[in-house]
Amino acid sequence: MDVEVDLYSGRPNPRFRLEPAAAAVLMHRLAVLPPLPGRATPRATLGYRGLRINAGVTESTVTEIVVSGGAVFVRDRDGSEHVLKDVDRQLERWLVEAGAGQLDPDEVAVLDQDLKS
Amino acid sequence: MLRIMADIFSGRPNPTWEVGDESEVRATLRALTADRGLLTDAEPPEGGLGFRGFRVEVLSDELAQDFGLGAATYLAVGQQAGGPRAAEVGERLVSLIEPGDPRTAADAPPLDMPLRDFLTEQLNLSAALESQSRASLADQVAPPAEEAAAPAVTCTIELGAFNPGFWNNDPNVRLNNNCYNYASNWRTNTFAQPGRGCGHMYTSITCTEVTRGAICDGMHHRFDCFPDSEKPRYLVALVVAPGPGFVDYHWYRKQKEGFWGHKPGGTEARNWDESHNVITNPETANRGPYTIFCGYFYGCHSQQLRIK
């Protein structure tokens, strides 16, 4: 799975790859997240906004996952969308840790700082 | 406090401005002293005509001691520059001009945005000359001999209506077009980069480099008018996030309705800033980490066709 860090406005966003084992863990984590009640939208600020995951060709029904500021926006192949709660941004944190080795250390520091706030 | 003089004119008094904010002063001195090879005690004797450099006076003894400086230091730019970072540091000094600041010498140009744009433009020109002279010592290019005046021209431009749906309704369009696409009002679906279209993309994220890329694509500095054949000629603004850590550029475009629109990366186009206020002035809008205002530019039709 390819993960795009939604960070920049002008420059191309950094990306990292989740190997099949990590992708499987992600899908398992996703399956146990509770729904998020009410309306939510991904962060739309200047600067770090979240992570966008393209599920690619898998057996899963999920096609795109956006993890942003405590919410997870899941779009299925049939076009339906649902929003889950990322308690304490744990899934976002796990993803950043999973991709840290493939990212620029300065960018990882920006993400870590955001996750602390 | 700092007093900065742009050493550019030969007849008129040079523009001089002061910086009082303590944290800004310290940050500026840190940037200035990061590469001491760029600094001299006085201006080089062979400074010539055109933009020669900046004289920076530290008005506090304590500050001067903290940064190991004398009462004044000189940052040469252009062909006398002490290194390739001189223009970048100079640009930071220019960005400290506070438009409307009354503290300027009699007969010197007023401290306003046209002056800031003019100095940035001249600085870019000096940087280009410097890099030319480094590339080929045999190919010496003289700086412009005539003393330029602060811009006092009126250019005809076009302002497009704010139409966020054009960028937001289709997820593929939204994700694959960025702030430069929005400023150019041209969807390439390539996340266009300044200078990529003309084959000379920026090499670092600084005002100087991103400006160079955009100019190479066909943009002009503000007040450098385009003919009617280049319609639409949009007014746009460039800002930079200088880091540390987060380093990026961002563009805004003035809309027909009077406010400014922008599109942060793959997110939705909008006309509000980080405080959720409608943007009436990109210089004073809340721009988050994009703290350096580089200046205003005009886009044009050739530039639209060139961007990639």
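Preceding block: the structure.
Quick caveat: nothing in here was measured; it's all calculated off a predicted structure.

(A) Representation of the overall build of chain A within the structure. Counting its regular elements, chain A contains 3 helices and 6 strands. Mapped from its N terminus to its C terminus, chain A presents α and β elements in the order β-β-α-β-β-β-β-α-α. When the 117 residues of chain A are sorted by exposure, 47% land in the buried category. Sequence separation of at least 24 residues holds for 53% of the intrachain contacts in chain A that already meet a minimum separation of 6.

(B) Broad picture of the environment of Asp 7 of chain B. All names here are of chain B. Assignment of secondary structure puts Asp 7 in strand β1 (residues 2-7). Since its relative accessible area comes to 4%, Asp 7 is described here as buried. Along the sequence, Asp 7 and Tyr 74 sit 67 residues apart, while their C-alpha atoms lie 9.6 Å from each other. A distance of 2.6 Å separates a polar atom in the side chain of Asp 7 from a polar atom in the side chain of Tyr 74.

(C) Structural view of the sheet that holds strand β8 (residues 247-254) of chain B. Residues and elements named next belong to chain B. Pairing is antiparallel in the open sheet, where 5 strands are placed in the order β6-β10-β7-β8-β9. Strands with a single pairing partner mark the edges of an open sheet, and in this sheet they are β6 (220-221) and β9 (260-261). As paired strands, strand β7 (residues 235-242) and β8 are joined by 7 bridges and run antiparallel to one another. Among the inter-strand pairings, Leu 238 is bridged to a residue of β8, identified as Trp 251.

(D) Structural detail: the environment of Val 66 of chain A. Residues and elements named next belong to chain A. Here Val 66 is to be found in strand β4 (residues 62-68). Between the alpha carbons of Val 66 and Pro 42 there is a distance of 7.6 Å; along the sequence they are 24 residues apart. Leave out the neighbours within four places in its chain, and Val 66 touches Pro 42, Leu 51, Arg 52, Ala 71, Val 72 and Phe 73.

(E) View of the state of the cysteines. Residues and elements named next belong to chain B. Following the criterion strictly, the structure yields 3 disulfides over all chains and no others. In this model, Cys 198 is linked to Cys 216 through a disulfide, with the two sulfur atoms separated by 1.9 Å. Across the S-S bond linking Cys 198 and Cys 216, the dihedral sits near 115°, which makes this disulfide right-handed. Of this pair, Cys 198 sits in the loop between α7 (179-184) and α8 (207-217) while Cys 216 sits in helix α8, placing them 18 residues apart in sequence. For Cys 216, a relative accessible area of 26% gives the class partly exposed.

(F) Spatial organisation of the pairing of β4 of chain A. All names here are of chain A. Judged by how many residues are buried, β4 sits mostly within the fold: 7 of 7 residues are covered. Looking at chain direction, strand β3 (residues 50-54) and β4 are connected through 4 bridges and run antiparallel. When the bridges of β4 are listed, Asn 54 appears paired with Glu 64. Where β4 meets strand β5 (residues 71-76), 6 bridges bridge the pair, whose relative direction is antiparallel. Paired with Ser 68 across the two strands is Ala 71, which belongs to β5. Connecting β4 to the next strand, β5, in antiparallel fashion are 2 residues, including Gly 69 with a positive phi near 55°.

(G) Representation of the layout of surface pockets in the model. Its boundaries defined by the atoms lining it, the largest pocket holds a volume of some 1,200 Å³. What lines the largest pocket is a set of 45 residues, among which Arg 52, Glu 64 and Val 66 of chain A together with Arg 174 and Leu 175 of chain B lie closest to the centre. Of the residues assigned to the lining of the largest pocket, the class counts are 17 nonpolar, 15 polar and 13 charged.

(H) Structural detail: helix α2 (residues 90-99) of chain A. Those residues of α2 of chain A lying buried are Leu 91, Glu 92, Trp 94, Leu 95, Val 96 and Gly 99 of chain A. Looking at the buried residues of α2 of chain A, the elements they touch are β2 (15-17), α1 (20-31), β3, β4, β5 and α3 (105-116) of chain A.

(I) Focus on empty space enclosed by the protein. All names here are of chain B. This structure, assessed with the given rule, holds 1 cavity of 30 Å³ or more. Here the largest cavity defines a volume of roughly 50 Å³. Together, Glu 91, Val 94, Ser 95, Arg 116, Thr 120, Cys 207, Ile 292, Phe 293 and Cys 294 line the largest cavity. Within the residue set of the lining of the largest cavity, elements represented by two or more residues are α3 (86-94), α4 (113-135) and β10 (292-298). With 3 residues, the top contributor of residues to the lining of the largest cavity is β10. For the lining of the largest cavity, the two domains that each supply at least three residues are domain 1 (2-135) and domain 2 (165-306).

Conventions adopted
Residues numbered from 1 in each chain as written. Chains lettered and ligands numbered in written order. Predicted model: local features only at pLDDT ≥ 70, side-chain atom pairs only at ≥ 80, totals over all residues. Heavy atoms only, no water. Helix = DSSP H or I, 4+ residues; strand = E, 2+ residues; numbered from the N terminus. Buried < 20%, exposed > 50% of the residue type's maximum accessible area, 1.4 Å probe, protein only. Contact = heavy atoms within 4.5 Å. Polar contact = N/O pair within 3.5 Å; in protein donor to acceptor, adjacent residues only side chain to side chain. Pairing = 2+ DSSP bridges. Disulfide = S-S within 2.5 Å. 1 Å grid on protein atoms, 1.4 Å probe; cavity = no way out; pocket = protein on both sides within 12 Å on 5 of 7 lines; lining within 4 Å. Points joined across faces, edges and corners; volume = space filled by probe spheres on them. Nonpolar A, V, L, I, M, F, W, Y, C, P; charged D, E, K, R; others polar. Domains from an automatic or database assignment.

So yeah, pure geometry; function would need other evidence.
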